[in-house]
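Residue-level structure breakdown
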Amino acid sequence: MKGLEEIIRPKSLQTRLFLYGALFVSLLAILIGVLFYFTMTQGIEQQVGRRALNIAVTTADRPDVRQGFFAEDPTEVLQPIAETVRKQTGAEYVVIGNTEGIRYAHPVPDRIGKKMVGDDNERALLNGESYISEAVGSLGPALRGKTPVTDGEGNIIGVVSVGFLKTDLSSIFFDYIDNIAYIVLASILLGVAGSGLLSRSIKKELFGLEPAEIARHFTERSVLIESVREAIIMVNSEGDITMANSAARDVLALPEDEDLAGCPIQDVLPNTLLPRVMETGEKMLDRPMEIHGKKAVVNRIPIRVDGRIVGAVSSFRLQSDIDRLTEELSQVKQYTEALRAQTHEYHNFLYTISGLIQLNSLDEALSLIHEETEAHQSLISFVMERLQDPFLGGIVIGLFNRAKELKVQLVLDEDSAMGELPEHLEKSFFVSILGNLVTNAFEAVEKNPESARVVRIFILDNGSEILIEVEDSGPGITEEVEITLFRERISTKSGSDRGYGLVTVANYVSELGGNLYYETGDLGGAMFIISIPKGG
């Protein structure tokens, strides 16, 4: 059973190439040998047939043969002549007969006077033709040359038949079979050796990988390249594109179904420096470039195989994407600065308490401590009571501190109630959603008078879904902007690379399988409503 499994188990690429190559060469060599054998036998038969016909014609043209037909005993004259010709030419037989096919000469004397066998004399006796025939005579199957014998006036007086037996021809053929077999065997051995060298060379060219491994690596590479958010373009040594991912098509504003393979890179990116990279062999990292009026940061690296440059790869990303990441990092830094400011404020608070104590104003110090502690403890207790998930509670407390610094009245709706977030829902998405919406709300009310800066948060778990509402007292959103609110980068602030917050929120809500709505709230500004099913 184990031996059977070894036989039917798929062979390696090198083994299959060797076996298929050796089998193909062997079959081809055998086929050529067989065809050569049949071609050779046909050629020999034709030569023997022509030889028999030439002997017959020469014999029929001899004067003594013609005179022998008019002798009293034609056999006495013609038999010695026929035997002499037979012995001199090596023919199996030389037969001379009259117009009725009666033999005057034959290598077997007992058959003289009898009718010739084969029934193939008509063309010579009736039509006067000289020809080659293949028939079964009295001595067996033979190739025969036949020609008429004429008198001086052109009248047909007899026929001459010269034959070579097929058995004699077969022995000649078999003499050549050994040589043909040696040639075929040598060809097979050379073919097997060549197949071994070829299979080893192909295996080396493919880095020792099997077809299934190549297909898997190709699929993995394609998926990997498509999953990368950076635009990637590869070119060969001639500067023609060999691969471009979907991110590259987006940056180049090309249709998704357009095939860039084979297109010169200069036609797609006229200001590319990939040809220079292939000429110099030097990397170009983090270089600025303008692509269709958009600023980008580009990396260019040559592709080397066995020390030879066979192409180059370029990866690039729009400067605006990098700026957006920088902006998000800046927001994190802002939260850090807010915490530092709060720390500084508490230091001042402690210094004040310390001064009051030194002035022996103990009642004032205690009163100040109780007020601050009660306010902070009240906030923490309220948030922890309403929002039991530490992630949401932490971001809300942080937002309260930020609101205090910005002198914005942040309100957590008293009807809010939220337990622990389900484990299958990405908690960082909720933090980002809430943080972006509240930050946008802070920015929306910053131009309002200090007393009119109000932002309300409502978070509720109703059992089947999680509801989040963020409302502000800002100016709201115009109808023109509302149409493309979650599809384009919209910002009420100046700057060309802003407005990523709502797009990020929309993407995260979509990832969580929820819905995002907008309407005008009771505070007069924008109110965003998010509904996320707990099932995901």
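Here's what I pulled together on the structure shown here. Everything numeric here is computed off the predicted structure, so don't read it as measured data.

**Things to note about the sheet that holds strand β14 (residues 515–520)**
Spatial strand order, β11-β12-β13-β15-β14: 5 strands in an open sheet with mixed pairing. At either end of the open sheet lies a strand with only one pairing partner, and these are β11 (409–412) and β14. Ignoring strand direction, the axes of neighbouring strands in this sheet form an average angle of 15 degrees. When β14 meets strand β15 (residues 526–533), the two strands line up antiparallel, connected through 6 bridges. Paired with N515 across the two strands is S531, which belongs to β15. Where helix α14 (residues 427–445) meets the sheet, it contacts β11, β12 (454–461), β13 (465–472) and β15, and its direction lies at approximately 15 degrees from that of β13.

**Points about the packing of aromatic side chains**
If you walk through the whole model with that rule in mind, you get 3 aromatic pairs. Pairing F429 with Y508 gives two aromatic rings, centres 4.4 Å apart and planes at 10 degrees, and the pair type is stacked. Linking F429 in helix α14 with Y508 in helix α16 (residues 501–511), this pair joins segments that are 79 residues apart in sequence. A relative accessible area of 26% places Y508 in the partly exposed class. Ring plane angle 50 degrees and centroid distance 5.6 Å describe the contact between Y518 and F528, whose orientation is recorded as tilted. With Y518 in strand β14 and F528 in strand β15, this pair connects stretches of sequence that are 10 residues apart. Residue Y518 is classed as buried on the basis of its relative accessible area, which comes to 15%. Judged by its relative accessible area of 7%, F528 falls in the buried class. We note R123 situated over the ring of Y131; from NZ or CZ to the ring centre the distance is 4.2 Å.

**Some details on unusual backbone geometry**
At D286, a position not held by glycine, the phi torsion is positive, near 55 degrees. Within the secondary structure, D286 is located in strand β8 (residues 284–291). In this model, K407 sits at a positive phi of 60 degrees, which is unusual for a non-glycine residue. Mapped onto the secondary structure, K407 falls in the loop between α13 (390–406) and β11.

**Here's the deal with the sheet that holds strand β6 (residues 231–236)**
Reading across from one edge, β7-β6-β10-β9-β8 is the order of the 5 strands in this open sheet, with antiparallel pairing throughout. Unpaired on one side and paired on the other, β7 (241–244) and β8 mark the two borders of the sheet. Across this sheet, the average inter-strand angle for adjacent strands is 25 degrees, counted without regard to direction. Note: β6 against strand β10 (residues 308–318), 6 bridges, orientation antiparallel. For M234, the partnering residue across the bridge sits in β10 and is V313.

**Quick notes on the packing of α13 against α14**
For any two helices packed against each other, one specifies the inter-axial angle together with the distance between the axes. Closest axis-to-axis distance for the α13/α14 pair is 10 Å, and the angle between their directions is 15 degrees. Here α14 runs roughly parallel to α13, going by the angle between their axes. The way α13 lies across α14 gives a crossing that is right-handed. Between α13, through F391, L392, I395, V396, L399, R402, A403 and L406, and α14, the contact on the second element is made entirely by K427, F430, V431, L434, V438 and F442.

Calculation criteria
- Residues numbered from 1 in each chain as written.
- Predicted model: local features only at pLDDT ≥ 70, side-chain atom pairs only at ≥ 80, totals over all residues.
- Heavy atoms only, no water.
- Pairing = 2+ DSSP bridges.
- Helix = DSSP H or I, 4+ residues; strand = E, 2+ residues; numbered from the N terminus.
- Axes fitted to C-alpha atoms, helices over the stretch in contact; angles between N-to-C directions.
- Contact = heavy atoms within 4.5 Å.
- Phe/Tyr/Trp six-rings, centres within 6.5 Å; stacked < 30°, edge-to-face > 60°.
- Buried < 20%, exposed > 50% of the residue type's maximum accessible area, 1.4 Å probe, protein only.
- Lys NZ or Arg CZ within 6 Å of the ring centre and 35° of its normal.
- Parallel < 35°, antiparallel > 145°, perpendicular 65-115°, else oblique.
- Left-handed = near helix turned anticlockwise from the far one by under 90°.

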